[in-house]
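Examining the three-dimensional arrangement
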Amino acid sequence: MIYIKLSTLEYPRHQGDIRLEYPDMGEEFVLPNTYAFVHVEKTPEYDGTTSVFEYSPPFEQDGQWFQRGQVRLRTEEEQIEFEKMLDRMRPLEAKGTEPDVIG
Amino acid sequence: MPTIVSRGAMSARAFGAFRTSLGAVNFLEVRTVSGGSLQYNNSFVDSAYNTYVTGYEGNGTFIPIEKINSTGVTTSFSNRVTGGASTNSCCQNFSSISSCVDVDSSGNIYVGGTAGDTGRGTVQAYDSSGNLLWQKYIYPGSDQTYVTCVAGIKYNPVNGYVYVVTQIGTSSSFLFAALNASTGALVLNRKMSGYVGLSGADNYYYSVSNNMAVDSSGYVYVCYCGSTVYTGDNVGYLKIDTGFSIQQFPVVTGLFASSQYAQCITLDSSGNVYVGTCGGSGYLKACVIKFDSSGTYLWNATASLASASLGFQAITTDSSGNVYCGGGGSAGNLGANSYILKFDSSGTIQYQRQFNSDTWPIRGLNMGPSNSMYFSGTFASTKAFLGNIPTDGSKTGTYTVGSNSVIYSAGSLTIGSATLVGTTLSTSFSGAGSYGDASYTSGTFTPTVSRTAI
């Protein structure tokens, strides 16, 4: 559950953040009218090896708050950085075969 | 008022510890060593709230083992060299690193890591005064072609054994072994297919430390991911009894479409099991998965960034069933801030907090007194970082700690959940690889340099 603070547009905020501001709320969480629930678009299936999914800032529409996102191809620079990351994840080369003795 | 800790003996380097109080029991601390790095890879907090930390120091020659009491007074056991700097080609740039620490009820300290010159896994035991009790190598065979790192260590009070796990080099298998805590003698070891606590971060060999848990009945829980780590993996845990039989082997399948790493595990007071992971196609997402005490999958929650990989590398729970996940950049994105997230028992995010952008992942997370928790990690790549913060997420702000500006603030990760393909629950390791005896000859080694503890 993700919320936005309406007076400052601080986002994202969660139940624990709101409870700090309203310490007398009690056990049941009740959303104060100074905050609004944000409907966040679920991440779609996409090719993560070439693309990224980026969210827009939250926006209000017909009294409700939304956050939408879009898939875009990485820029050439971003792709180079991404492939560097993949390279760091690759197993290091080791010579020989796996020994069968723990000694 | 900062506390300055100086250590001399055989090193001319200066050590410093700078603590800033946040009020009550809470504090932030940055620790430094001149001429090199000081990094904390793991921590343990005992019932008296002494914090034990271990990691990496200087040029990779020394392993730091420190005991810090609740007022900041430090006892240093950082007097061991596990082989010196890397000279073995198989170790690549590996250095002596201590990865994991655990402490028994008598205050004996157990530390696991890697020897820099040989790439062999190491296990050491110290008494509560810092005297070395025993130390052992664990490595695969006399033909040492694989780096091993004892990545996880847990003392089991039910049978008095010290359990260790270590990934076996580039092979898709890991070692699970039990040692006699008094002598270091091998009790049993098992070689299993799959990966344990794999980081997906610094490099392939470096496993994350919080990969085992022990419950009050002596069952040992080891977080696990399957052997096809790049192709959409199984992730879960092994529950192993004191007779070394597997009692539960629950996994979730297809949590993410590709890479999947299990990184940390913990229990709550009801016996629920939490596994922290990172995985996904493209940039990796941090994920926490909850199972009940029977091994039944309950829920998962994810945290992600659009432009960097994240992973959860430390995890703990409170008495109300809330779970706290610490982590940060993964898969080489070490500068992607460090994070602590709180979820309630249903998996609802309560808050997300972050430290500066030049911090490395939180690698130690333990509950403290008065609704607080301890964390440890690395600040600005080269400085050890620890603190005690409220569990309710309060006391955010910018703090001056020595010459360091520590920013503790609300995070902006994208929170969600992953759709599973399925779950399986088994009582054997069949179908996922081998679980059998591996021959073993215990070895001993002598540190080449010993510094006097303060």
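Procedures and definitions
- Residues numbered from 1 in each chain as written.
- Chains lettered and ligands numbered in written order.
- Predicted model: local features only at pLDDT ≥ 70, side-chain atom pairs only at ≥ 80, totals over all residues.
- Helix = DSSP H or I, 4+ residues; strand = E, 2+ residues; numbered from the N terminus.
- Buried ≥ 20, exposed ≤ 12 C-beta atoms within 10 Å, placed from the backbone.
- Contact = placed C-beta atoms within 7 Å.
- Pairing = 2+ DSSP bridges.
- Axes fitted to C-alpha atoms, helices over the stretch in contact; angles between N-to-C directions.
- pLDDT = per-residue confidence, 0-100.

Thoughts on the overall build of chain A
A tally of regular secondary structure across chain A gives two helices and seven strands. Counted from the first residue to the last, chain A has its helices and strands arranged as β-β-α-β-β-β-β-β-α. Burial status across chain A gives 17% buried among its 103 residues. A fraction of 45% describes how many contacts in chain A between residues 6 or more apart in sequence connect residues 24 or more apart.

Things to note about the overall build of chain B
For chain B, the helix and strand inventory stands at zero helices and 37 strands. In chain B, which comprises 454 residues, the proportion classed as buried is 57%. When contacts within chain B are restricted to residue pairs at least 6 apart in sequence, those whose partners lie at least 24 apart make up 56%.

Focus on the environment of B:Ala177
Residue and element names in this part refer to chain B. Structurally, Ala177 can be placed in strand 15 (residues 173-180). Through-space distance from the C-alpha of Ala177 to that of Ser417 is 34 Å; in sequence the pair is 240 residues apart. Residues contacting Ala177, with those up to four places away along its chain left out, are Ile138, Val164, Leu186, Leu188 and Asn189.

A few points about unusual backbone geometry
The peptide bond linking A:Tyr11 to A:Pro12 adopts the cis configuration, its omega dihedral lying at -5°. Its place among the elements puts A:Pro12 in strand 2 (residues 10-13). Positive phi outside glycine occurs at B:Ala380, with the angle close to 55°. As for its position among the elements, B:Ala380 is in the loop between strand 30 (372-379) and strand 31 (383-390). For B:Lys395, which is not glycine, the phi torsion reads 65° and is therefore positive. Here B:Lys395 shows up in the loop between strand 31 and strand 32 (397-401). Since 17 C-beta atoms lie within 10 Å of it, B:Lys395 is described here as partly exposed.

Here's the deal with the pairing of strand 30 of chain B
Residue and element names in this part refer to chain B. Where burial is concerned, most of strand 30 is hidden: eight out of the eight residues are buried. When strand 29 (residues 364-368) meets strand 30, the two strands line up antiparallel, connected through five bridges. Directly across from Asn366, in strand 30, lies its bridge partner Tyr374. Where strand 29 hands over to strand 30, the hairpin turn is made up of three residues, of which Ser370 adopts a positive phi near 50°. As paired elements, strand 30 and strand 31 share eight bridges and run antiparallel to each other.

Notes on the sheet that holds strand 24 (residues 297-304) of chain B
As a general point, the strands of a sheet are linked pairwise by backbone hydrogen bonds and lie either parallel or antiparallel. All names here are of chain B. Here five strands make up an open sheet; going across it, the order is 21-22-23-24-34 and the pairing antiparallel. The outermost strands of the open sheet, each flanked by one partner alone, are strand 21 (260-267) and strand 34 (414-416). On average, each strand axis in the sheet is inclined to that of its neighbour by 20°, with strand direction left out of account. The pairing of strand 24 with strand 34 spans three bridges and is classified as antiparallel.

Regarding the sheet that holds strand 2 of chain A
Residue and element names in this part refer to chain A. Across the sheet, five strands lie side by side as 2-1-3-6-5; this open sheet has mixed pairing. In the strand order of this sheet, the two ends are held by strand 2 and strand 5 (59-61), each with one partner. Strand-to-strand twist of the sheet, defined as the mean angle between neighbouring strand axes without regard to direction, takes the value 40°. Examined bridge by bridge, strand 5 and strand 6 (residues 64-67) share three bridges and lie antiparallel to one another. Counted as the bridge partner of Gln61 is Gln64 from strand 6.

Some details on the environment of B:Ser216
Tracing the sequence through the fold places B:Ser216 in the loop between strand 17 (212-214) and strand 18 (220-225). Counting along the chain gives 58 residues from B:Ser216 to B:Val158, while the straight-line C-alpha distance between them is 7.7 Å.

What to know about the environment of B:Gly35
Examined against the element boundaries, B:Gly35 turns out to sit in the loop between strand 2 (26-33) and strand 3 (37-45). Each C-alpha atom of the pair B:Gly35 and B:Gln354 lies 28 Å from the other, and the pair is 319 residues apart in sequence.

Remarks on the confidence of the model for chain A
With 84% of its residues at a pLDDT of 70 or more, chain A shows a mean pLDDT of 85. Taken as a whole, residues 92-103 of chain A scores under 50 in pLDDT and shows 32 contacts with residues more than four places along the chain or in a different chain.

Quick notes on the confidence of the model for chain B
One rule of thumb: low pLDDT means the predicted coordinates there are not for detailed reading. Residue and element names in this part refer to chain B. In this model, chain B carries a mean pLDDT of 78, and residues with pLDDT of at least 70 account for 71%. Every residue in residues 199-205 is under pLDDT 50, and counting partners more than four places away or in other chains gives 30 contacts. Low confidence marks residues 228-232, where pLDDT is under 50. Its contacts with residues over four positions away, or in another chain, come to 12 contacts. The ipTM value of the predicted complex is 0.85, and its pTM value is 0.88.

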